[in-house]
Amino acid sequence: MAARSQETAFSPNGQYFANVSTDSRLKIWECESGRAKQEFIPASHLSAACTCLVWAPSKQPEQNVNQSKKKRKSNGEEAAGVAGSDIIALGTASGNILLYSLNRAELVHQLKGGHAGKIRSLCWNQDGSSLFSASSEKKIVEWDAVEGVIKCQWKVDKNPIFRMCMLQDNCTLVTAGRSIQCWNVETRSVIATFTGHTTDVVHLLPVYSPGAKGGYFLTAADADRCISAWRFVGEEKNGQSQASFTLQDDPLNFTVSTPISDKDPVILAAVTVTGILHVFEHHLNGRSKKPLQPIVKIHIGSDVAGTARPLPVLSAYACGDSDGNCVIVYGSLVRPGFEKMCYRTQDGMAYIVRRDPSSVDHSKSDITSSALKIRTPILPADVKTLAPEYMVPMTASSEVGVVVGRKRRTQNSESNSGLVSAKDSLPMEQRLSALNLDKAVDAVAPPQADNMAQLLLQGLHSRDPKILQSVLDRGDGQIIGNTIRRIPVQAILPLILELTRMMQFRGHPNYSYAKWLRSLLEHHAGYLTSCPDLASVLTPLLALMTARTSLFPKLSQLRGRLHLMLGELEHRSEKEDATTTELPATALLVYREESSDEASEEGDWPLQSGSESEDQWDELSDYGENMDVNEVKDDSEQETDDENNSEEIDEEVEEASDNDIESVVENGLSD
């Protein structure tokens with residue numbers, strides 16, 4: 001179980017509120033005025049952090065009062081003997097216990113030698129003479145608060161102890177880990193056991209009822225949205241809970257009132273991790289079959305104009321009076337706000353608007369301007385201030401020349417005053433640009449869901465795959481960062497296991513899972529390094545990522561080669577386009593062949609005697625040769641394909657002429 005980041009507790013009478021910060025600074029606040037009364041920094045606060053705190057009881061039995069009259073104690077013994085509710089016991093990670101006195105404002109005692117491990121829980125007996133401590137060594141030590149020595153110590157069961165309390169009979173000590181046990185302090189033996197919770201118990205508080213033979217106590221476990229009430233009546237095994245108080249979320253802390261009589265109910269004020277106060281009223285007189293619901297839920301919001309921002313409730317103290325008052329601590333532990341409120345005037349769900357305590361109100365502050373060393377400069381009346389655009393304030397000197405009302409200021413009035421405001425002295429272009437119509441209206445905007453921490457915690461608690469998938473499939477970086485920052489440290493390891501399980505499936509959503517995992521490691525790296533089970537949790541994830549990225553170098557090489565090939569092909573295509581010449585639109589040479597039949601019909605070839613036909617043919621052949629020579633000379637600049645075509649054409653012409661000559665000779669012989 002992870003240690004809590006900050007411990008808080010009210011004094012038994014509700015007059016003071018104490019908290020230990022993350023750097024082990026003890027701060028004590030006065031609830032009525034809301035001012036910080038004292039602050040204590042242990043000498044070893046950096047090496048041995050404070051892990052728990054508890055106030056000493058405020059009342060003593062009459063026997064101790066009579067004995068104190070007969071026997072006078074020294075000042076040191078009175079402080080160490082816890083004569084009132086001004087003593088605070090602090091447990092540290094080194095195993096030492098510090099006793100701090102509120103009245104003396106100093107450390108009055110330091111208990112050493114009882115534990116070697118971290119102190120997990122502390123509790124006092126009814127008269128404040130004995131202090132019980134439990135550590136990670138699974139050992140309980142009883143201390144003599146007056147002498148500062150060990151009275152007795154004993155080992156507990158195998159399971160560790162996280163919380164302890166003393167019942168009202170002053171001889172029964174209740175210890176809680178996952179199971180709950182009741183010990184007899186005199187015999188140091190277990191006299192009763194209870195079923196307990198499925199997770200570690202993080203809160204344990206006794207209930208003092210007038211006239212009760214046994215005793216009631218309340219418990220709350222980690223990641224459990226309820227507070228269970230138990231009753232000790234004697235020797236019992238596997239006792240069941242008497243009542244269950246239902247909460248909206250996991251409990252952060254709670255207090256319970258002491259009834260004045262048997263007819264008065266027990267008032268339970270519980271605060272959840274989301275900063276909502278739940279108030280219950282119930283008579284603990286038997287087993288309740290149904291879960292109990294709160295009579296009122298209180299939300300507190302800030303009154304700052306703009307985006308609505310809730311003010312979380314940090315703790316609450318049930319006064320137990322007839323008017324139904326309770327003291328509420330809200331805001332931030334750096335500068336908390338305190339208010340005494342009557343919860344019975346509220347019904348159901350109450351929304352209360354309060355001023356943020358962290359915002360400084362200079363109008364109501366007691367700090368004057370002299371203390372802050374701020375002086376307003378005194379300017380003469382004839383000084384004119386120049387500034388860009390419309391940001392110049394209207395000073396008293398500049399308002400002299402302005403006429404009150406809707407009348408226009410004349411030139412005479414301006415010339416008489418000789419003063420013009422800086423805004424009016426600006427050119428028209430700058431004044432028109434100053435008219436910004438897109439300014440946001442100063443109003444309260446509706447709250448925006450910029451994180452899904454609540455839905456994610458609900459999915460992890462119930463292990464609902466639909467809820468988890470709806471949250472983890474989102475890839476918005478802002479939503480992921482805000483959600484990771486708001487989840488408690490108890491949910492970090494379960495979230496890593498769930499992301500590991502989801503990343504085993506192939507597909508597109510793995511990219512969003514990787515973003516969730518990266519944000520988780522960035523924001524909670526400090527906590528993860530302190531977890532002893534970190535290796536077992538991250539080993540499957542490392543193996544999965546190694547298997548997924550094993551082919552990445554080869555794919556990178558293939559991508560590089562393909563890129564080179566495509567680049568070479570593109571370069572070649574560009575080069576070919578640059579060197580290719582276009583063919584002319586018209587042909588350079590056109591040849592049309594005519595048959596002998598057409599020539600004979602048209603009379604181009606006269607059929608005469610052999611000598612005449614031969615002479616004519618010689619003339620035609622000479623004419624054709626001359627024409628071929630001229631064509632070859634004109635086409636000398638053409639390519640080889642055109643020359644080959646001309647040669648083929650000449651051969652065809654010669655063959656045709658030979659055929660025509662033979663036909664003419666045959667016709668002549670026949671004649």
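Residues numbered from 1 in each chain as written. Predicted model: local features only at pLDDT ≥ 70, side-chain atom pairs only at ≥ 80, totals over all residues. Heavy atoms only, no water.

Identification of the chain as WD repeat-containing protein 55 homolog from Daphnia sinensis is taken from an unreviewed UniProt entry. The record held by UniProt for the chain lists under Subcellular location (unreviewed entry) the comment "Nucleus". You can read under Sequence similarities (unreviewed entry) in the UniProt record for the chain the words "Belongs to the UTP5 family." (UniProt positions renumbered as here; feature names shortened; annotations may be inferred.)

(A) The arrangement of the overall build of the chain in detail. Along the chain, the regular secondary structure elements total 16 helices and 29 strands. Split by element, the accessible area of the chain, about 41400 Å² in all, is 51% carbon and sulfur. (Helix = DSSP H or I, 4+ residues; strand = E, 2+ residues; numbered from the N terminus. Areas by Shrake-Rupley, 256 points an atom, 1.4 Å probe, with all protein chains shown as cover.)

(B) Spatial organisation of the UniProt feature "repeat: WD" (unreviewed entry) in the chain. When the UniProt feature table is mapped onto this chain, "repeat: WD" (unreviewed entry) is found at residues 1–39 and 112–144. Taken end to end, residues 112–144 has its terminal C-alpha atoms 12 Å apart, with 0% of it in helix and 55% in strand.

(C) Spatial organisation of the sheet that holds strand β6 (residues 87–92). One open sheet accounts for 4 strands, arranged β5-β6-β7-β8; its pairing is antiparallel. Each end of this open sheet is capped by a strand with a single partner; those strands are β5 (50–55) and β8 (106–111). The average angle at which neighbouring strand axes cross in this sheet is 25°, direction not considered. Pairing between β6 and strand β7 (residues 97–101): 5 bridges, direction antiparallel. Bridge pairing in β7 links Gly-91 to Ile-97. (Pairing = 2+ DSSP bridges. Axes fitted to C-alpha atoms, helices over the stretch in contact; angles between N-to-C directions.)

(D) Main features of the packing of helix α8 (residues 477–486) against helix α10 (residues 510–523). As a packed pair, α8 and α10 sit with axes 9 Å apart at the nearest point and diverge in direction by 45°. Taken as axis vectors, α8 and α10 run oblique relative to one another. Every pair of crossing elements has a handedness; the one defined by α8 and α10 is right-handed. Contacts between α8 and α10 involve Gly-477, Ile-480, Gly-481, Thr-483, Ile-484 and Arg-485 on the former and, on the latter, Lys-515, Trp-516, Ser-519, Leu-520 and His-523. Split by residue class, the contact of α8 with α10 holds 4 nonpolar, 5 polar and 2 charged. (Parallel < 35°, antiparallel > 145°, perpendicular 65-115°, else oblique. Left-handed = near helix turned anticlockwise from the far one by under 90°. Contact = heavy atoms within 4.5 Å. Nonpolar A, V, L, I, M, F, W, Y, C, P; charged D, E, K, R; others polar.)

(E) Quick peek at helix α6 (residues 453–462). Here α6 has its buried residues at Ala-453, Leu-456, Leu-457, Gly-459 and Leu-460. Seen along its axis, α6 keeps its buried residues to an arc of 160°; they face one direction. The elements touched by buried residues of α6 are α7 (465–472), α8, α9 (492–503) and α10. Just downstream of α6, Arg-463 is the residue with a positive phi angle, here 55°. (Buried < 20%, exposed > 50% of the residue type's maximum accessible area, 1.4 Å probe, protein only. Arc of directions from axis to C-beta.)

(F) Broad picture of α8. The complete set of buried residues in α8 reads Ile-479, Ile-480, Gly-481, Asn-482, Thr-483 and Ile-484. If you follow the buried residues of α8, they end up packed against α6, α9 and α10. Capping the start of α8, Asp-476 holds a side-chain oxygen 3.3 Å from the backbone nitrogen of Gln-478, two or three residues further along. (Polar contact = N/O pair within 3.5 Å; in protein donor to acceptor, adjacent residues only side chain to side chain.)

(G) Fine view of the nonpolar core. Core analysis: the largest hydrophobic core is formed by 30 residues, its most contacted members being Leu-456, Leu-472, Ile-487, Leu-495 and Trp-516. The set of elements that each furnish at least two residues to this core consists of α6, α7, α8, α9, α10 and α12 (534–548). Among the elements that line this core, the one with the most residues is α9, at 7 residues. Contact partners of Leu-495, with chain neighbours within four places excluded, come to Leu-456, Leu-460, Leu-472, Ile-484, Ile-487 and Leu-520. Counting 19 residues, the second largest nonpolar core, distinct from the first, contains Ala-269, Leu-277, Val-313 and Ala-318. (Core = buried A, V, L, I, M, F, W, Y, C linked by side-chain atoms within 4.5 Å.)

(H) Fine view of the environment of Ala-223. Summarising the element assignment, Ala-223 is placed in the loop between β18 (215–221) and β19 (226–232). Between the C-alpha atom of Ala-223 and that of Thr-199, which follows or precedes it by 24 residues, the distance is 7.6 Å. Not counting residues up to four positions away in its chain, the partners in contact with Ala-223 are Asp-250 and His-461.

(I) Region of the structure containing the sheet that holds strand β11 (residues 139–144). With antiparallel pairing, 4 strands are arranged side by side in an open sheet as β9-β10-β11-β12. Edge positions in the open sheet fall to β9 (119–124) and β12 (149–155), since each of these has one partner strand only. Averaged over all pairs of adjacent strands, the angle between their axes in this sheet comes to 20°, without regard to strand direction.

(J) Focus on the environment of Lys-118. Considering the arrangement of structural elements, one finds Lys-118 in the loop between β8 and β9. Separated by 70 residues in the primary sequence, Lys-118 and Ala-48 have C-alpha atoms spaced 9.1 Å apart.

(K) Up close: the packing of aromatic side chains. For the structure shown, the criterion picks out 9 aromatic pairs. Ring centres of Phe-194 and Trp-230 lie 5.7 Å apart, and the angle between their planes is 65°; this geometry places the pair in the edge-to-face category. With Phe-194 in strand β16 (residues 189–194) and Trp-230 in strand β19, this residue pair connects regions lying 36 residues apart in the sequence. Residue Phe-194 is classed as buried on the basis of its relative accessible area, which comes to 3%. By relative accessible area, Trp-230 is classed as buried at 2%. Feature note: the residues Phe-10, Phe-17, Trp-29, Tyr-317 and Phe-338 constitute an aromatic cluster, connected by ring pairs. (Phe/Tyr/Trp six-rings, centres within 6.5 Å; stacked < 30°, edge-to-face > 60°.)

(L) Local environment of the environment of Glu-32. Following the sequence through the fold, Glu-32 ends up in the loop between β3 (26–30) and β4 (36–40). Classification of Glu-32 by relative accessible area gives exposed; the value is 77%. Separated by 17 residues in sequence, Glu-32 and Gln-15 place their C-alpha atoms 7.1 Å apart.

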